[in-house]
Amino acid sequence: DAGITQSPRYKITETGRQVTLMCHQTWSHSYMFWYRQDLGHGLRLIYYSAAADITDKGEVPDGYVVSRSKTENFPLTLESATRSQTSVYFCASSEPWRDSYEQYFGPGTRLTVT
Amino acid sequence: GQQVMQIPQYQHVQEGEDFTTYCNSSTTLSNIQWYKQRPGGHPVFLIQLVKSGEVKKQKRLTFQFGEAKKNSSLHITATQTTDVGTYFCAGLSNSGYALNFGKGTSLLVTP
């Protein structure tokens with residue numbers, strides 16, 4: 001019962017490189033989300049997805065790309081990493097049921113861009 | 001767009017003291033959720049409030065949803081060191097399923 005996993009857990013990359021953060025959930029939840037967490041900003045939504053092949057921008061989408069070809073996977077790609085993208089990234093999933101929108105978060109990926 | 005404001009940003013209490021964090025929205029919320037994040041961990045769902053004026057309790061934690069559904073609070077009675085962490089409130093965004101999180105209140109409990 002893995003739930004929701006993220007990989008890698010830690011990543012150091014250089015400015016300008018492309019990096020992909022992986023997110024996988026085993027619950028077949030319809031909805032998946034990517035957040036970044038920075039001191040003083042709390043959790044900010046980057047992208048979200050309502051189902052396979054359906055994605056939408058959140059509050060801070062610039063510099064990020066997502067895809068969702070399969071329900072269980074929701075990778076986040078930084079096309080050309082910048083220092084301002086140094087952050088902790090959380091993936092989450094949910095399956096609304098009886099007006100409950102509880103989200104389940106993965107353990108996070110700590111990304112450092114040098 | 002909808003903004004969720006949370007205060008205080010930090011709170012330091014002695015073990016056994018009470019603690020309250022407040023959440024305010026610029027617009028009416030259909031529901032509000034509360035999450036707890038332990039240091040170094042990930043956010044974990046605590047509760048969801050839906051009805052105007054709703055009050056829910058989980059042991060020493062009391063959650064309230066305002067009558068106008070624009071504010072909410074979390075009150076912890078007699079804090080323990082296990083309560084340490086950051087508490088976030090979150091309201092549904094206009095999308096209907098994504099959440100707008102407050103910036104959180106970090107609670108430190110000194111034995």
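Please read all numbers here as calculations on a predicted model, not as lab measurements.

S.K.: Looking at this structure, how should I read the sheet that holds strand β8 (residues 71–76) of chain B?
M.R.: The pairing of strands in a sheet happens through backbone hydrogen bonds and is either parallel or antiparallel. All names here are of chain B. The five strands lie next to each other as β1-β3-β8-β7-β6, forming an open sheet whose pairing is antiparallel. Each edge of the sheet is formed by a strand with only one pairing partner; in this case those strands are β1 (4–7) and β6 (55–58). Each strand axis lies, on average, 15° off the axis of its neighbour in the sheet, ignoring direction. Pairing geometry for strand β3 (residues 19–25) and β8, over six bridges, is antiparallel. Within the sheet, the bridge partner assigned to Asn24 lies in β8 and is Asn71.

S.K.: I keep staring at the interface of chain A and chain B and nothing clicks. Help me out?
M.R.: It is common to give the size of an interface as the accessible area lost on bringing the parts into contact. Counting from both sides, the interface comprises 21 residues of chain A and, opposite them, 19 residues of chain B. For the chain A and chain B pair, buried surface summed over both sides reaches about 1,700 Å², with 61% attributable to carbon and sulfur atoms. It is Leu43(A), Tyr101(A) and Phe105(A) in chain A that bury the most area against chain B; as a group they hold 31% of the surface buried on that side. In this assembly, chain A and chain B are joined by zero salt bridges. Our count for the chain A to chain B interface comes out at four residue pairs in polar contact (both at pLDDT 80 or more). Of all elements in the fold, only β4 (31–38) and β5 (42–51) of chain A reach the threshold of two or more residues within the side of chain A that touches chain B. By residue number, the principal contributor to the side of chain A that touches chain B is β5(A), which donates six residues.

What counts and what doesn't
Residues numbered from 1 in each chain as written. Chains lettered and ligands numbered in written order. Predicted model: local features only at pLDDT ≥ 70, side-chain atom pairs only at ≥ 80, totals over all residues. Heavy atoms only, no water. Pairing = 2+ DSSP bridges. Helix = DSSP H or I, 4+ residues; strand = E, 2+ residues; numbered from the N terminus. Axes fitted to C-alpha atoms, helices over the stretch in contact; angles between N-to-C directions. Contact = heavy atoms within 4.5 Å. Buried area = accessible area lost by both parts, 1.4 Å probe. Salt bridge = Lys/Arg side-chain N within 4 Å of Asp/Glu carboxyl O. Polar contact = N/O pair within 3.5 Å; in protein donor to acceptor, adjacent residues only side chain to side chain.

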